[in-house]
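Each chain is listed here by its residues.
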Amino acid sequence: MTTAPGAEDATADAGHQEQVAGTGDADRPVLLLVDDDPQRRSLVASLLGPHCTVLVGHDRADALEAVGRHTIDVLVLGSTRSGLLTEVRARPASAAVPAILLTCRAEDDAVLQGLQSGLDDLLSVPSSAHDVLTGLRSALDAARSDHLDRAWRSAVLAANQEGCCIVDGAGGAIVSANAAATDLLGLRPEDVPFGPPHPFLPAAEEDPEGFALVESAWTRASTEERGRAVVPLRHVTTRARVWVSVSYSELPVGSRGGRSYLATLHDVTAARRAAERDALLARAAALPTEPGPLAERLRRFLPIIARVLGGRVEVELRGPDGRSEPVAAAPGARQVGNGHDGDDLVVPLVGTDRVLGTLRVAGLDLATTSDTGTAEGSRAEVDMAELLARRIAAAVDADRVAERATRLHEVTTALASAGTLLETARALVDGVRRALATSSAAVYAVAPDGLHLHLVHRHDGDPGRASGEPVLRVDGPGAVARAAAGRGPVWPPTSTGPIAAIPLTVGERVVGVLAVERSGSGHLLPDERDFAATLAGQAAQAFERAALADQRWQLARALQRALLPTSLPAFAHLALAAHYEPAQQEFEAGGDWYDVFALGPARVALVVGDVVGQGPTAAAVMGQLRSVVSAYLHDGHSPAQALEGLDRAARRIPGARGSTALCLTIDTDSGDVAWSAAGHVPPLIAGPDGTRFAQGGQGALLGVSDRAPYGEGRETVVPGTTVALYTDGLVERRGQVVDDGLQRLAAVAERGHQRPPGELLDVLLAEVLGSDTGDDVALVLARLVPRPLERRLDADPLLLPGLRHDVHAWAVAAGMSEDGADDLQLALSEAATNCVEHAYAGGAGEIRCRVHRTADGAVEASVQDFGAWRPPPADPGYRGRGLAVIHTLAEHVELHPTPQGTTIVFRIPASTEPLAQRAPGGSAPQWWTRQERPGPGTVPGC
């Protein structure tokens, strides 16, 4: 409401209404008076009314409303009102308005507080009109200067064709801007002045890279008078990225002070995107030659595509089975603002001979506009995606060629190092499966009769297996048989069964067939067929070479088996186990050997040796040395005397010098052990009284001149003790000292000395030898069996637990397996229980038990009573099953009733399970392959 000067009292109670003093001339400066003192308001309004337009506000609400509706030149406050001044200065339109404080006492603390909050001047009231007008005139002059400055700047901005704006250096508010600038940013002209937060700046979560660029440019500009920066902004409406080149210069300080900048905005989106696309195409052209796997290269490359095109990017490659799998993806930064999530652009990756996969760009705004704001941008994005798809397809093609070259080299290397037919087949199958992604592959060998095909190796997702059974006939039906018949590669048209059968040909002769299967779409493409045929050609020579080597290996092993014991002798008081392990990489007979034989009713000899060299020559030397030492021991010579004679023979036998040997004899009645070694590792003794290496009896190698006489070591062992003789291949490792292997052997034997000899032998081979068979190994174990167990006890059921304990301890010391010991213990307990219940019917009586080991390794037990058995009841119920249990657990069960009593006799058989074969794979026909670790000398423990 407009009133004349002095008319304030009539409207003082009107509430929050605008009061105007003066004539309202548009050329007159506008003053906003905010004071809650009516007298002071009236006085100031009457003084200033003739000189300017006065807007009167009672409180903060009136003042802020007036600031929002009018352009204020001067703000006059009746009190400090620092909060109001802060709010007025926070608005871009009134940020530079001078503020004057009306005060009665200039030294008041409130005055100081007002000056600190941003007041420009003080006017003392009451005061002379001249003083008030003089102070006001100074403020109005500054305001008029600011108005002229802003008008001049607005005219300059409006005349500029480029986007221009004036930015407050303190808060970053856009004080004024021309139409080109507001159009570029997506603002409306009426939005200016425009203070922070600015929606055209990229948010940190939306565009981290753009946010960092803007932050860096603003920090740099705040310390410079002029400069230039290229930053990514966001159109307020579409949120499309707009690259803007901002040139800024600091404006002269105005009457209000404070820094401000004149900024020129130039849209460089098109140029920037053109440069980015050129760089992207150059990067794509280098994709095939970059190092690293293809998937890793694509994962590095796709984020660049996503940044340039603005959408989510994903590459899918089609596998040999026809299925497409994503290999790399990158999220997009674009947020479409027209109500939908954007369009998907899918471009095929076309290789030299087939579609390799797809390039998918999701979230594009192809239906409306692109990032450049023009419809032509959509076409440019489609063209760019098609170019990128061609470059990616070229990289996939090149990677496929390089991958197959690498696979071919790997398979060739594996075939060259394969020593057996099985290893050759595995190398070929593994190479085919990795290179062609087949679900199954198999290799067949043509038998010497030329009529049958034997499966050598197959891989179909389960562990590989070899089979020697004749599975196919060469003249039979099927793709494999047709390929074996010499008709060339067969490519069956059906998706069931093999999709390829390729003969392995040496000259004109087919030695095997490679069969390939694939799940899904199946068939091999032309380039895959060429690669499979190349692999088969590389494998054929190695296949025939391995087959011939297997045959030589079998002949050599047959020779060695003929020179080693085919079985171990049986002794009533000595449990034995022995094993020969050939060197894995050797194809010829080795020089390690062992022998076990009886020297009398209670005396047994054990011998091990190691001949220098390999092959038939070493095997022949080994056979002669074995015969010589056996003859000396059979003639009654001691171990040291036998080695003396063996040394003399070694000097005459070519190739025997430098060999090692160890002779040991055991008296099974007394437990006396004697041994002598010629350069050989010492025997190991493990039993109830500890584990140790035998001391003494060490001598020089066989055939060494000027040596000392061979000595002997002696020791007496208790029943349950195991003596181990072995060759150095068990404990020696390349790069390790022998002492380490000996300590490992002693530690394993200490833990397992209570196991039966056969089980202990397996444990030693598994934990001490492991898979490192760089040398032949011979190992012999001899367990001294305790004397027969004889017990007499009263027919009292309370005494049976003690009997069971004694029987089990005897069985363990005798070398019985855990199952055998349990069977013996249970059968004997049932027999004794029968005697207690049937012979004496709870009365007094005596039971006699005897357990002993027979010469064939079985255990025989007898239980005798001296009473009369009661006739069995018609219905025994849950009792009376003892004899049935004994018949189940034992063999040769006999019941001998007499007037003086009854005797039950039964046998627990020796273990007949073979030692565990540690070689992988199943059995194989001896004419074409061999197990990697056969055990011709393996003899199970008792």
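Residues numbered from 1 in each chain as written. Predicted model: local features only at pLDDT ≥ 70, side-chain atom pairs only at ≥ 80, totals over all residues. Heavy atoms only, no water.

## With respect to the packing of helix 8 (residues 269–285) against helix 9 (residues 294–309)
Put simply, the test is: Here the axes come from fitting lines to C-alpha atoms, over the contacting stretch only for helices, and the angles between their N-to-C directions go from 0 to 180 degrees. A helix here means a DSSP run of H or I that spans at least four residues, while a strand means a run of E at least two residues long, and both kinds are numbered starting from the N terminus. Just so you know how the angles are binned, under 35 degrees is roughly parallel, over 145 roughly antiparallel, 65 to 115 roughly perpendicular, and the rest oblique. Crossings are sorted by hand: turned counterclockwise from the far helix by less than a right angle, the near helix makes the crossing left-handed, and turned clockwise it makes it right-handed. Throughout, a contact is declared for two residues whenever any of their heavy atoms are within 4.5 Å.
Relative to each other, helix 8 and helix 9 sit at 160 degrees, their axes nearing to 10 Å. The orientation of helix 8 with respect to helix 9, classified from their angle, is roughly antiparallel. For the pair helix 8 and helix 9, the crossing hand works out as left-handed. Listed contacts from helix 9 to Arg273, Glu276, Arg277, Leu280, Arg283 and Ala284 of helix 8 are Arg300, Phe301, Ile304, Ile305 and Val308.

## Thoughts on the sheet that holds strand 7 (residues 163–168)
Our working rule: A pair of strands is labelled paired if DSSP reports no fewer than 2 bridges between them.
Taken in spatial order, the five strands line up as 8-7-11-10-9 in an open sheet, and their pairing is antiparallel. Whereas interior strands pair on both sides, the edge strands pair on one side only; in this sheet they are strand 8 (174–177) and strand 9 (226–234). Recorded for the sheet is a direction-independent mean angle of 30 degrees between the axes of neighbouring strands. Bridge count between strand 9 and strand 10 (residues 241–250): nine bridges; the pairing is antiparallel. Of the residues in strand 10, the one forming a bridge with leucine 233 is valine 242.

## A word on the environment of aspartate 610
Its place among the elements puts aspartate 610 in strand 23 (residues 603–610). Taking C-alpha positions, aspartate 610 is 9.9 Å from leucine 625, a pair spaced 15 residues apart along the chain. The contact partners of aspartate 610, leaving out residues within four places of it in the chain, are Gly591, Asp592, Trp593, Ser659, Thr660 and Asp728.

## Some remarks on the packing of aromatic side chains
Our working definition: When two rings of Phe, Tyr or Trp (its six-membered ring) have centres within 6.5 Å they constitute a pair, described as stacked for plane angles under 30 degrees, edge-to-face for angles over 60, and tilted for the intermediate range. Each residue is assigned to one of three classes by its accessible area relative to the maximum for its type, calculated with a 1.4 Å probe on protein chains only: buried under 20%, partly exposed between the two thresholds, exposed over 50%. Note on geometry: a ring has a charge over it if NZ (lysine) or CZ (arginine) is within 6 Å of the ring centre and within 35 degrees of the ring normal.
All told, the structure shown has one aromatic pair when counted by the stated rule. For the ring pair tyrosine 248 and tyrosine 261, a centre distance of 6.2 Å and an interplane angle of 80 degrees mean the geometry is edge-to-face. Of this pair, tyrosine 248 sits in strand 10 while tyrosine 261 sits in strand 11 (residues 260–267), and the two are 13 residues apart along the sequence. A relative accessible area of 7% means that tyrosine 261 is categorised as buried. The side chain of arginine 272 reaches across the aromatic face of tryptophan 243, ending 3.7 Å from its centre.

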